[in-house]
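Structure at a glance
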Amino acid sequence: MIRVENVWKSFKGKVVNEDVSFEVYEGEIVTFLGPNGGGKTTLMRQVYGELSSDRGTISVDGLTPQDALESMGVVPQEVRPMDGLRASEHVYIMAVIKGVPRDRAWSRARGLIRKLSVEDKSVEELSGGNKRKILIASALVNDPRYLILDEPTTGLDPKSRRELWDILVELKGRGKGILLTTHYLEEAEYLADRVYLLNRRVLLSGRIWELRSKLSLKYEVVNLMTGERFHVERKEVPHFLSQCDFEYEVRTRSLEDIYREVMGSDG
Amino acid sequence: MVNIRKFVGLLELVARQSRAYLATNVFYGVMFPIAFILSFETSIRSAQVLAGTLTLYIFMNVFIGTAQSTAFLKYSGEMSLLYVTKTPRWMIVLSFVVYQLASTLPMAVGLVFLGETLVPIKVSWLPLLVTYLVGAMYAFLLGTALGLVTSLRTANQLSQVLGWTFSFFAPTFISLQSLPPFLRFLSLLEPTTPLAQELVNNLEGRTSLNFMLAMLAYLVVSMVLYRLAENRVT
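Please read these numbers as outputs of a predicted model, since none were measured by experiment.

1. Considerations on the overall build of chain B
Broken down by element type, chain B carries 10 helices and zero strands. Going from the N terminus to the C terminus, chain B shows its helices and strands as α-α-α-α-α-α-α-α-α-α. Residues classed as buried in chain B amount to 43% of the 234 residues present. Look at the contacts in chain B between residues 6 or more apart in sequence, and 81% of them connect residues 24 or more apart.

Here you go:
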């Protein structure tokens, strides 16, 4: 289990992470959502030990992040594959550096790029989606228990994004604990078992349905003729609907509504 | 044992990535000795000119290459990508200095052999090797520190300016004694000064404790600067 307890981090006096706590268990996907500059990447970099926390503790299966790097596959933010290598070479060399014996490193590298449907050509010639797949294959090549992905789908087209989602769901099914950050609400909604809304501190957390139930005391009634929207308290919905003289649709609030409300109230 | 395996893996990575730069290395490897021979056709034949040329190999090549490589590794995220394989930062960086040394050492040795046929020198090989290693090491550490704390664009520009400044606005191709006294003191603030002067000594069969101590002082300063730079990025 990845356990983060009361972590603080600041740069030049500006607090970037404030008293952040969370856990990631094997076989689940935990997603951090938040605005640019909200501290997601700083938090991830502490989890995989590239940055040290000012206060608080982070442990991975009881070890410090630096000692536990072997059990984590990491794709940092805005990283591209190392140039001058072919796709299989990239995954192979990362396996060798991670300590996988050379003969097994080649077979694993070739197996992974075949499984992820990536052409074995120079990484510079690969599409954005395939470059991300190479990074994920490189992160997976030593079969880590946890995968940490910092905005893995930013800038990808919808098809590539969907392909990556399917890969992540499959990995979760195989028992990997996955921690990822994203800007995309639909990504969190599709993938996450638990969501954390982060803007320097954790503003809200829980399973998607829990978030909805926490903040969805109001339902949205939409006038299908005019598009006009009414936010109605749950207990008043029957009475409100009995008064309606138009075609309507009643909706629960989306994650986007929740996100807007939480981030909006945070200033 | 694990660290040795990682280091060998890193060297393999660098070697594979460097295939694209093979032509550049061959070009510089051929160009400098040719330029050296040409310069001896028109200028004074002296150990100092040979020492100046070696300084370009030892300091400028390593300093500029390391600063730009480090900044690129950081910019592209490769530093992070390699760090998360549980490879210590110093090892990532060391794999690059070994590559820099490995690619420049044969050229430098070739140049000294070439120089022996053109210049009346008597090479002290062991002190020359020590001078080479100490100079290359602080060139590497200074380059790494620069690359860590600056952006890619700044590192590219600044490493060129500093590299050429340290190579040509320092007594590398001329002796320290040929400078006016006040400039001699100022020139000692440049890391290439003791390096070039000690190279002259080694090429003429001597060693100078003062210049070697000055180089060791630069090595210590560069280590401190490197540690400060590393702390800044964590």
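2. What about the domain arrangement of chain A?
All names here are of chain A. As assigned here, chain A comprises domain 1 (2-210) and domain 2 (214-265). The C-alpha-based centres of domain 1 and domain 2 are spaced at 36 Å. Facing 12 residues of domain 1, the contacting portion of domain 2 comprises six residues. Elements represented by at least two residues in the side of domain 1 that touches domain 2 include exactly helix 6 (185-191), strand 8 (194-199), strand 9 (201-206) and helix 7 (208-215). Looking at the side of domain 1 that touches domain 2 residue by residue, the class counts come to eight nonpolar, two polar and two charged.

3. A short note on the sheet that holds strand 11 (residues 229-233) of chain A
Residues and elements named next belong to chain A. Pairing is antiparallel in the open sheet, where three strands are placed in the order 11-10-12. Every interior strand has two partners, whereas the edge strands, strand 11 and strand 12 (248-251), have only one. Between one strand axis and the next, the sheet turns by 25° as a mean value, whatever way the strands run. Bridge analysis of strand 10 (residues 218-223) against strand 12 gives four bridges, and the strand direction is antiparallel. Each residue of the ladder has a partner; that of Val 222, found in strand 12, is Glu 249.

4. Quick word on the sheet that holds strand 6 (residues 146-150) of chain A
Residues and elements named next belong to chain A. Strand order in the open sheet made by the six strands is 5-6-7-3-8-9, with mixed pairing throughout. Edge strands, defined here as strands with exactly one partner in the open sheet, are strand 5 (72-75) and strand 9. Taken over all neighbouring pairs, the strand axes of this sheet differ in orientation by 15° on average, direction set aside. One ladder, built from four bridges, connects strand 5 with strand 6; its direction is parallel. Looking at strand 6, one finds that Gly 73 is bridged to Leu 147. Lying over the sheet, helix 5 (residues 158-173) contacts strand 3 (29-33), strand 6 and strand 7 (177-182), oriented at roughly 150° with respect to strand 7.

5. Observations regarding helix 3 (residues 102-115) of chain A
Residue and element names in this part refer to chain A. The end-to-end C-alpha separation of helix 3 is 20 Å, in line with the 20 Å expected for 14 residues at 1.5 Å each. Looking only at helix 3, the buried set comprises Ala 105, Arg 108, Ala 109, Leu 112 and Ile 113. For helix 3, the angular spread of buried residues about the axis comes to 120°, placing them on one side. With respect to the buried face of helix 3, the exposed residues turned more than 90 degrees away are Asp 103, Ser 107 and Arg 114. On its buried face, helix 3 is in contact with helix 2 (87-97) and helix 4 (128-140). Immediately beyond the C-terminal end of helix 3, within one or two residues, lies Ser 117, with a positive phi of roughly 55°.

6. Details of the interface of chain A and chain B
Residue-level contacts link 22 residues of chain A with 23 residues of chain B. Of all the elements, helix 2 of chain A adds the most residues to the side of chain A that touches chain B, at five residues. Residues that form the side of chain A that touches chain B fall into these classes: 12 nonpolar, three polar and seven charged.

7. Notes on unusual backbone geometry
All names here are of chain A. A positive phi is found at Asp 19, a non-glycine position, where the angle reads about 55°. Topologically, Asp 19 is positioned in strand 2 (residues 14-24). Using a count of 14 C-beta atoms within 10 Å as the deciding quantity, one classes Asp 19 as partly exposed. Even without being glycine, Ser 117 reaches a positive phi, approximately 55°. Within the fold, Ser 117 resides in the loop between helix 3 and helix 4.

8. Some words on helix 4 of chain A
Residues and elements named next belong to chain A. Across its 13 residues, helix 4 extends 19 Å between first and last C-alpha, which sits within 8% of the 18 Å expected from 1.5 Å per residue. Among the 13 residues that make up helix 4, 12 are buried, leaving the element largely enclosed by the rest of the structure. Every buried residue belonging to helix 4 is among Gly 129, Asn 130, Lys 131, Arg 132, Lys 133, Ile 134, Leu 135, Ile 136, Ala 137, Ser 138, Ala 139 and Leu 140, and all of these are buried. Buried residues belonging to helix 4 abut strand 5, helix 2, helix 3, strand 6 and helix 5.

9. Comments concerning the environment of Leu 189 of chain B
By the secondary structure assignment, Leu 189 of chain B is in the loop between helix 8 (181-187) and helix 9 (192-203). Sequence separation of Leu 189 of chain B and Phe 59 of chain B is 130 residues, and the distance between their C-alpha atoms is 15 Å.

10. Details of the nonpolar core
Ranked by size, the top nonpolar core spans 79 residues in total, and within it Val 47, Val 91, Ala 95, Ala 137, Val 141, Ile 148 and Leu 179 of chain A carry the most contacts. Excluding anything up to four places from it in sequence, Val 91 of chain A contacts Ala 109, Leu 112, Ile 113, Ile 134, Ala 137, Ser 138 and Val 141 of chain A. One finds Leu 54, Met 60, Leu 128 and Tyr 226 of chain B within the second-largest nonpolar core, a separate group that totals 42 residues.

11. A look at the pairing of strand 7 of chain A
Residues and elements named next belong to chain A. The element strand 7 is largely enclosed, with a buried count of six among its six residues. Residue alternation in strand 7 divides its side chains into two sets, Gly 177, Leu 179 and Thr 181 and Ile 178, Leu 180 and Thr 182, and both sets are buried. Tracing the backbone out of strand 6, into helix 5 and back to the parallel element strand 7 gives a crossover that is right-handed.

12. With respect to the confidence of the model for chain B
Residue and element names in this part refer to chain B. For chain B, the mean per-residue pLDDT works out to 84, and 88% of the residues sit at or above 70. Within chain B, no element has a lower average pLDDT than helix 2 (residues 22-42), which sits at 67, and none a higher one than helix 9, at 93. What the predictor reports for the complex is a pTM of 0.77 with an ipTM of 0.79.

13. Let's talk about the packing of helix 4 of chain A against helix 5 of chain A
All names here are of chain A. Contact pair helix 4 / helix 5: the axes reach a minimum separation of 9 Å and the direction vectors enclose 20°. With respect to helix 5, the element helix 4 is oriented roughly parallel. As helix 4 packs across helix 5, the resulting crossing turns out to be right-handed. Between helix 4, through Gly 128, Gly 129, Arg 132 and Ile 136, and helix 5, the contact on the second element is made entirely by Ser 160, Glu 163, Leu 164 and Ile 167. For the contact of helix 4 with helix 5, a count of residues per class yields three nonpolar, three polar and two charged.

Here is what the cut-offs are and how they apply
- Residue positions are given per chain, counting from 1 as you read along its sequence in written order.
- Lettering for chains starts from A, numbering for ligands starts from 1, and both go in the order in which the items are written.
- Totals for whole chains, interfaces and linings use all residues, but because this is a predicted model, local features are given only for residues with pLDDT of at least 70 and pairs of side-chain atoms are given and counted only at 80 or more.
- Put simply, DSSP marks the helices as runs of H or I at least four residues long and the strands as runs of E at least two long, and each gets a number from the N terminus on.
- Put plainly, a residue is buried at 20 or more neighbouring C-beta atoms within 10 Å of its own, exposed at 12 or fewer, and partly exposed in between, counting only other residues' C-beta atoms, which are placed from the backbone.
- Residues are scored as being in contact if the C-beta atoms we place from backbone atoms lie within 7 Å.
- The split of the chain into domains comes from an automatic or database domain assignment.
- Throughout, the ten residues Ala, Val, Leu, Ile, Met, Phe, Trp, Tyr, Cys and Pro are labelled nonpolar, Asp, Glu, Lys and Arg are labelled charged, and all others, Gly among them, are labelled polar.
- Pairing between two strands is assigned when DSSP locates at least 2 bridges connecting them.
- Only C-alpha atoms enter the line fits that serve as axes; for helices the fit covers just the stretch in contact. Angles between N-to-C directions range over 0 to 180 degrees.
- Every helix has an expected span of 1.5 Å times one less than the residues it contains.
- Arc definition: directions from the helix axis to the C-beta atoms.
- Only buried residues count toward a nonpolar core: Ala, Val, Leu, Ile, Met, Phe, Trp, Tyr and Cys, linked into one set through C-beta atoms within 7 Å.
- Orienting the strands away from the viewer, one traces the path from the first strand over the helix to the second; a clockwise path indicates a right-handed crossover.
- For every residue, the predictor reports its confidence as pLDDT, a number between 0 and 100.
- In these notes the angle categories are as follows: under 35 degrees is roughly parallel, over 145 is roughly antiparallel, 65 to 115 is roughly perpendicular, and the rest is oblique.
- By convention the crossing between two helices is left-handed if the near helix lies anticlockwise of the far one by an angle smaller than a right angle, and right-handed if it lies clockwise.

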